[in-house]
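Structure at a glance
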Amino acid sequence: MTTMYAALLRGVNVGGARKLPMAELRALLADLGHDRVSTYLQSGQAVFAAGGDEESLAAELSSAVEKRFGFAVDVLVRDHAYLQGIADACPFPAADLEAKQLHVTYFSAPVDEERFAAIDRAGFLPEEFRLTDRALYLYAPEGLGRSKLAEALARPRVNKGLTATTRNWNTVVKLVEMTSG
């Protein structure tokens, strides 16, 4: 039995570094034996059908990228049900916001409020964040590039021991759509 998954590659094709052409990523996934492979944008999202679990698929893809392209990349793999759940559980009025204002950071493991206790939430208003199992929703009215809260949330001491990768709301919705069937 196969499941539809999205692979989220962290930090590829950003600022001219760690180049990973999407056609080559599709070919790599096909070479690994995965079906119904497609990619979205140039920033490291791929969708594929496979058997297996998220962690082993992520490790397999990360190892294959390093072997073929010569650089290490963190990979998170999430199935359609998880991605749909993230979209459905959004605590912000996504339909009323611009995609650049709403982001989801996916984590490699569950996170809790204690990890973010040192962040003075009131000091960043109107920016806000909310947590769920392995994700963080960020509302940044001026966009991610101008967000002081995003900077605070990305600090190494906050994310210690985790792989984290962020996608804007358009990408969140598109990955749900792409993994739906």
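Not measured: the values here are computed from a predicted model.

Rules of the game
Residues numbered from 1 in each chain as written. Predicted model: local features only at pLDDT ≥ 70, side-chain atom pairs only at ≥ 80, totals over all residues. Heavy atoms only, no water. Buried < 20%, exposed > 50% of the residue type's maximum accessible area, 1.4 Å probe, protein only. Helix = DSSP H or I, 4+ residues; strand = E, 2+ residues; numbered from the N terminus. Arc of directions from axis to C-beta. Contact = heavy atoms within 4.5 Å. Polar contact = N/O pair within 3.5 Å; in protein donor to acceptor, adjacent residues only side chain to side chain. Pairing = 2+ DSSP bridges. Axes fitted to C-alpha atoms, helices over the stretch in contact; angles between N-to-C directions. Phe/Tyr/Trp six-rings, centres within 6.5 Å; stacked < 30°, edge-to-face > 60°.

Describing helix α3 (residues 80–88)
- What α3 keeps buried is the set Y82, L83, I86 and A87. Down the axis of α3, the smallest arc covering the buried residues is 135 degrees, so these residues share one side. Within α3, the exposed residues directed more than 90 degrees away from the buried face are A81 and D88.
- Elements that come into contact with the buried residues of α3 comprise β1 (3–9), β4 (75–79), β5 (102–107), β6 (128–132), β7 (135–139) and α5 (169–178).
- For α3, the N-terminal capping position is held by D79, with its side-chain oxygen 3.3 Å away from the main-chain nitrogen of A81.

Looking at the sheet that holds β1
- Spatial strand order, β2-β3-β1-β4: 4 strands in an open sheet with antiparallel pairing. Unpaired on one side and paired on the other, β2 (35–40) and β4 mark the two borders of the sheet. For this sheet, the mean inter-axis angle between neighbouring strands, taken without regard to orientation, is 20 degrees.
- As paired strands, β1 and strand β3 (residues 45–50) are joined by 6 bridges and run antiparallel to one another. Residue T3 lies in a different strand from β3, and its bridge partner there is A50.
- Here helix α2 (residues 54–69) sits on the sheet in contact with β1, β3 and β4, set at roughly 145 degrees to β4.

Some points on the packing of aromatic side chains
- Counted under the stated rule, the structure contains 5 aromatic pairs.
- When the ring of F107 is compared with that of F116, the centres are 6.4 Å apart and the planes differ by 50 degrees; the resulting orientation is tilted. F116 matches F107 in its accessibility class, with the two residues each being buried.

Here's the deal with the environment of L138
- You can see L138 is positioned in strand β7.
- Judged by relative accessible area, L138 falls into the buried class, the value being 4%.
- Spatially, the C-alpha atom of L138 lies 7.8 Å from that of T105, the residues being 33 residues apart in sequence.
- Not counting residues within four places of it along the chain, the set of residues in contact with L138 comprises Q101, L102, H103, E128, F129, L144, S147, L149, A150 and L153.

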